[in-house]
Amino acid sequence: MSRPMVLGRPRERDERPVRGRDALSDEGIGWIGAHGGAGASTLTRLLGGVDIGCRWPDPAIGEPARVAVVGRTNSDGLRAVSRALNAMREGRHPAGMRLVGVVLIADAPGRLPAPLLGRIRLLRAIAPVHRVPWIPSYRIGVEPQRPPRQLARLAALADARPGRGAR
């Protein structure tokens, strides 16, 4: 079983350049991984935006105010997303941060078992949920000829085109 992730304050050290501002940016979207391997870096590569990692966006470096929490559709992934949403409910996030939705990326091909679908229904009662299906070609680093329609809908949220990585 994986260790529970606790979203807290942003890391003190970050490789991105400091912009000298103390507010989140109104530009772009940030992908917050609810757990390691959630798919935030893949969404950044495909749709642009900022891979924030497993933490809140940092106002000191002007990261995006608009964020999506990303997680896998397995039990641990859905629990991690729930913990992140609970942390938001408790106000443990930077001022001005706006959740635009939750992105759930399939952890395996096929249909989800009923208990996992029940957890997703609960998440939908809290925030907009966007599901990304299992895409076999991404496993080997190859772009599919036609991205799935769910990814195209997510691109509209991120204001990007699938497969283009536009920022």
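The shown structure was predicted, so the numbers you read here are calculated from the model rather than taken from an experiment.

1. A look at the pairing of strand S3 (residues 66–72)
Link 1 in the chain: Burial analysis of S3 places six of its seven residues in the buried class, which makes it a mostly covered element.
Link 2 in the chain: Note: strand S1 (residues 30–33) against S3, four bridges, orientation parallel. By the bridge assignment, Gly33 is partnered in S3 with Val70.
Link 3 in the chain: Taken together, S3, helix H2 (residues 75–89) and strand S4 (residues 98–105) constitute a β-α-β crossover, and its handedness is right-handed.

2. Observations regarding helix H3 (residues 114–124)
Link 1 in the chain: All buried positions along H3 are accounted for by Leu116, Ile120 and Leu123. Along H3, the residues classed as buried sweep out an arc of 55 degrees about the axis, all on the same side. Turned more than 90 degrees away from the buried face of H3, the exposed residues are Ala114, Pro115, Arg121 and Leu122.
Link 2 in the chain: Lining the buried residues of H3 we find H2, S4 and strand S5 (129–132).

3. A look at the pattern of salt bridges
Link 1 in the chain: Overall, the coordinates contain six salt bridges when judged by the stated rule.
Link 2 in the chain: One salt bridge in this structure joins Glu143 and Arg45, with 2.9 Å as the shortest N-O distance. You can see Glu143 sitting in the loop between helix H4 (136–139) and helix H5 (149–158) and its partner Arg45 sitting in helix H1 (residues 40–47), a full 98 residues away along the chain.
Link 3 in the chain: Classification of Glu143 as partly exposed rests on a relative accessible area of 39%.

4. Points about the nonpolar core
A general trend in soluble globular proteins is that nonpolar side chains are found buried together.
Link 1 in the chain: Judged by nonpolar contacts, the single largest core of 24 residues is most densely connected at Val81, Met97, Val102, Leu104 and Leu123.
Link 2 in the chain: Looking at this core, the elements with two or more residues in it are S3, H2, S4 and H3.
Link 3 in the chain: Residue contributions to this core peak at seven residues, all from H2.
Link 4 in the chain: What Leu123 contacts, discounting residues up to four positions off in sequence, is Leu78, Val81, Ser82, Leu85, Leu104 and Val129.
Link 5 in the chain: Grouped together as the second largest cluster of nonpolar side chains are 19 residues, Ile29, Val100, Tyr138 and Leu154 included.

Analysis parameters
In this convention, every chain numbers its residues from 1, walking through the sequence in written order. Under the rules for a predicted model, residues below a pLDDT of 70 receive no local features and side-chain atom pairs below 80 are neither given nor counted, while totals for whole chains, interfaces and linings still include all residues. In computing side-chain values, all of the structure's heavy atoms are included and hydrogens and water are not. Burial classification: accessible surface area is computed with a 1.4 Å probe over protein chains only, and a residue below 20% of its type maximum counts as buried, one above 50% as exposed, and the rest as partly exposed. In this description a helix means any DSSP run of H or I spanning at least four residues, a strand means any run of E spanning at least two, and both kinds are numbered starting from the N terminus. Any two strands between which DSSP finds at least two bridges are classified as paired. For a crossover, the right-handed case is the one in which the path from the first strand over the helix to the second runs clockwise, viewed with the strands pointing away from the viewer. Starting at the helix axis, one direction is taken to each C-beta atom, and the arc is that of these directions. Residue contacts are counted whenever heavy atoms from the two residues lie within 4.5 Å of one another. Here, a salt bridge means any Lys or Arg side-chain nitrogen found within 4 Å of an Asp or Glu carboxyl oxygen. Nonpolar core, defined: a set of buried Ala, Val, Leu, Ile, Met, Phe, Trp, Tyr and Cys residues in which side-chain atoms within 4.5 Å join the residues together.

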